[in-house]
Amino acid sequence: MDLDELYRLLRGSHVQAVSIVNTLRDPLVVLDDDFRVLTANPAFYKTFSTSRDETIGTALADLGNGQWNIPELRLLLDQVIPRSTSVIDYEVRAEFPHIGPRTMLVSAQRLSHPDSGQRILLFTIVDATERRQADDDKDILIGELGHRIKNLLAVTRAIARRTGVEGRSAEEYRDDFLGRFDALARSLAVSTQEAEADLGQLVRAVMEPWLEETSAITLDGQGAIALLPRQAMSLGMILHELATNALKHGALSVPGGLLDISWNLAEDRDGQRQVHLCWRESNGPEASPPEAVGFGTCLIRFATEVDLKGQAELSYRQDGFVADLTFPQ
Amino acid sequence: MLIALDVQMMLQDNGYTVLGPAGTVEGALRLLDDMRPDVAVLDGNLRGRPVVPVAQRLRDLGIPFVLSSAYDILAFDGCEALAGAENVGKPVTESRLIAALQRALP
């Protein structure tokens, strides 16, 4: 059966088959009984950057670099099709000429000429490379998300465990816990809006509950300083502990007390960029080191030294508490 | 960050002296260059890197360890270094961690 005959056959079936085949977006080839190409649609030439001359009359196994010369596929076409008449979405991963490594899903359908009984094979190919890549990316993302959620639960649990209970009412415990929990949530919100968090945004987000209530707090930072999400989380928790202390014992516990938070980015002698954040309370009660080191102070030191790999210098001065934090960006 | 601090405080509350913590595989290996702990607690993953090289070093040094990992440890390459170590999971409860450490110690 030649092409004209096929077209006639298809026209005879009252189906505008040729134009349907030609407008199909997925590549389609028609093979004869020996798996030689009888015809191919424009999408086939376009997808595989090939021409009619290279394609028509060529055996399927010899097309391109021989990507279709797959024993398993051959077996499917040879043995399965005569019995089941079709193959759906058989996956072929190969390096194709001109277009590189691809994942193709192959479907094949056997048709018989009603008069001559000649059999042809409709062979359609879907380029699933991007879809497969997107599926893989999605799986990775879901896995990562699952791990992050577990991690976040562990962090929340640590906050609940470490928020003090001795000599405090349930309400006090709840408020302290939620204060830390909210600081965590605010820090996370800043770092997930974009891949990197901006230091100024983080300070504003964590300090927001108090910035609204008082004009005693001034913020002073220039330019954007990018922080990794984990740095943002650590610094956010540190800022919250500093704010809590200032409210309980420091400058924010009395009228007229002032708090100045300033930050900048500078290069140290080795050319490593160091973030410097200064928390300076003034006009408040005289600061004195706590008699027993609480979780808040532990957290400030631990987060700065272990997680941010920096230094925390805590000074208890006559006019107020000062914290100088330095860590590599 | 808070998880490591929590674990550190759990251990201190139970009379352990904490030599770490180390936040990275390199940091943990450096720590083992200078110090010889009696027992170690390992997260499965430090800043995105499997903890396997640290587990391997601990095995070489004959130091027992327990894992506290949210991951299935068999998913790692070279997980034979982790084989046989108890995974107390993450998050971990104080009683489970302390019991596992006591089992791990000779």
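Criteria and cut-off values
Residues numbered from 1 in each chain as written. Chains lettered and ligands numbered in written order. Predicted model: local features only at pLDDT ≥ 70, side-chain atom pairs only at ≥ 80, totals over all residues. Helix = DSSP H or I, 4+ residues; strand = E, 2+ residues; numbered from the N terminus. Rg over C-alpha atoms; globule rule 2.2 N^0.38 Å. Buried ≥ 20, exposed ≤ 12 C-beta atoms within 10 Å, placed from the backbone. Contact = placed C-beta atoms within 7 Å. Expected span 1.5 Å × (residues − 1). Pairing = 2+ DSSP bridges. Axes fitted to C-alpha atoms, helices over the stretch in contact; angles between N-to-C directions. Core = buried A, V, L, I, M, F, W, Y, C linked by C-beta atoms within 7 Å. Parallel < 35°, antiparallel > 145°, perpendicular 65-115°, else oblique. Left-handed = near helix turned anticlockwise from the far one by under 90°. Nonpolar A, V, L, I, M, F, W, Y, C, P; charged D, E, K, R; others polar. Domains from an automatic or database assignment.

Scanning chain B from terminus to terminus reveals four helices and four strands. Reading chain B from its N terminus to its C terminus gives the helix and strand order α-α-β-β-β-α-β-α. In summary, chain B has a C-alpha radius of gyration of 12 Å against a globular reference of 13 Å for 106 residues, a match within 12%. Projected onto its principal axes, the C-alpha positions of chain B cover 35 × 30 × 30 Å. By the burial criterion, 36% of the 106 residues in chain B qualify as buried. The long-range fraction of contacts in chain B, counting pairs at least 24 apart against all pairs at least 6 apart in sequence, stands at 49%.

Bringing helix H1 (residues 2–13) of chain B into the picture now. Here H1 of chain B is twelve residues long and its end C-alpha atoms lie 16 Å apart, about the 16 Å a rise of 1.5 Å per residue gives. Inspection of H1 of chain B places Leu2, Ala4, Leu5, Asp6, Val7, Met10 and Leu11 of chain B among the buried residues, and these make up the whole buried set. Each element contacted by the buried residues of H1 of chain B is listed here: helix H6 (129–162) and helix H10 (295–307) of chain A together with strand S1 (40–42) and helix H4 (94–104) of chain B. Gly15 of chain B occupies a position one or two residues after H1 of chain B and carries a positive phi of about 85 degrees.

This paragraph deals with the interface of chain A and chain B. The partner chain B presents twelve residues to the 19 residues of chain A that form the contact. Looking at the side of chain A that touches chain B, the elements that each hand over two or more residues are H6, helix H9 (229–248) and H10 of chain A. Considering each element in turn, the side of chain A that touches chain B owes the most residues, eleven residues, to H6 of chain A.

Looking now at the sheet that holds strand S7 (residues 217–221) of chain A. Residue and element names in this part refer to chain A. Pairing is mixed in the open sheet, where five strands are placed in the order S7-S9-S10-S12-S11. Taken across any chain shown, the strands that pair with only one partner, and hence form the sheet edges, are S7 and strand S11 (311–317). Across the sheet, the mean angle from the axis of one strand to that of its neighbour is 10 degrees, orientation sign disregarded. In terms of strand pairing, strand S9 (residues 258–267) meets strand S10 (residues 273–282) through ten bridges, oriented antiparallel. The partner of Leu259 across the bridge, within S10, is Glu281. Against the sheet, helix H8 (residues 199–211) touches S7, S9 and S10, its axis set at about 175 degrees to S7.

All names here are of chain A. Pairing is antiparallel in the open sheet, where five strands are placed in the order S2-S1-S5-S4-S3. Either end of the sheet is taken by a strand with one partner, and the two such strands are strand S2 (37–40) and strand S3 (86–96). Sheet twist, expressed as the average angle between the axes of neighbouring strands with direction ignored, equals 25 degrees. Sheet analysis places strand S1 (residues 28–31) next to strand S5 (residues 119–127), joined by four bridges and oriented antiparallel. Within the sheet, the bridge partner assigned to Val30 lies in S5 and is Leu122.

Time to look at the nonpolar core. Judged by nonpolar contacts, the single largest core of 74 residues is most densely connected at Leu202, Leu239 and Leu242 of chain A together with Leu42, Ala55 and Phe65 of chain B. At nine residues, the largest contribution of residues to this core is made by H9 of chain A. Not counting residues up to four positions away in its chain, the partners in contact with Leu42 of chain B are Val51, Val54, Ala55, Phe65 and Leu67 of chain B. Listed in part, the 21 residues of the second largest apolar core include Val21, Phe44, Leu60 and Ile125 of chain A.

This brings us to the packing of H8 of chain A against H9 of chain A. Residue and element names in this part refer to chain A. The geometry of H8 relative to H9 is characterised by a closest axis approach of 9 Å and an angle of 30 degrees between their N-to-C directions. The pairing of H8 with H9 is recorded here as roughly parallel in orientation. By crossing handedness, the relation of H8 to H9 is classed as right-handed. Listed contacts from H9 to Leu202, Val203, Val206, Met207 and Trp210 of H8 are Ala232, Leu235, Gly236, Leu239, His240 and Ala243. In terms of residue class, the contact of H8 with H9 is built from nine nonpolar, two polar and no charged.

Here the focus is unusual backbone geometry. In this structure, the amide linkage connecting Gly20 of chain B to the following residue, Pro21 of chain B, adopts the cis form with an omega of 0 degrees. Looking at the secondary structure, you find Pro21 of chain B in the loop between H1 and helix H2 (25–34). A positive phi angle, near 55 degrees, is found at Lys309 of chain A, a position not held by glycine. With respect to the element layout, Lys309 of chain A can be found in the loop between H10 and S11. For Lys309 of chain A, a count of 13 C-beta atoms within 10 Å gives the class partly exposed.

In terms of domains, chain A is made up of domain 1 (3–127) and domain 2 (163–328). The straight-line distance from the C-alpha centre of domain 1 of chain A to that of domain 2 of chain A is 66 Å.

On to the environment of Arg47 of chain B. All names here are of chain B. Position of Arg47 among the secondary structure elements: in the loop between strand S2 (45–46) and strand S3 (49–50). Taking the C-beta count within 10 Å as the criterion, Arg47 has 12 such neighbours and is therefore assigned exposed. Residues Arg47 and Thr24, spaced 23 residues apart in sequence, show a C-alpha to C-alpha distance of 6.3 Å. If we ignore the near neighbours within four places in the chain, the residues touching Arg47 are Gly23 and Thr24.

All names here are of chain A. Mapped onto the elements, Asp139 comes out in helix H6. Residue classification places Asp139 among the exposed positions, given that 10 C-beta atoms sit within 10 Å. The spacing of Asp139 and Glu72 is 67 residues in sequence and 28 Å in space, taken between C-alpha atoms.

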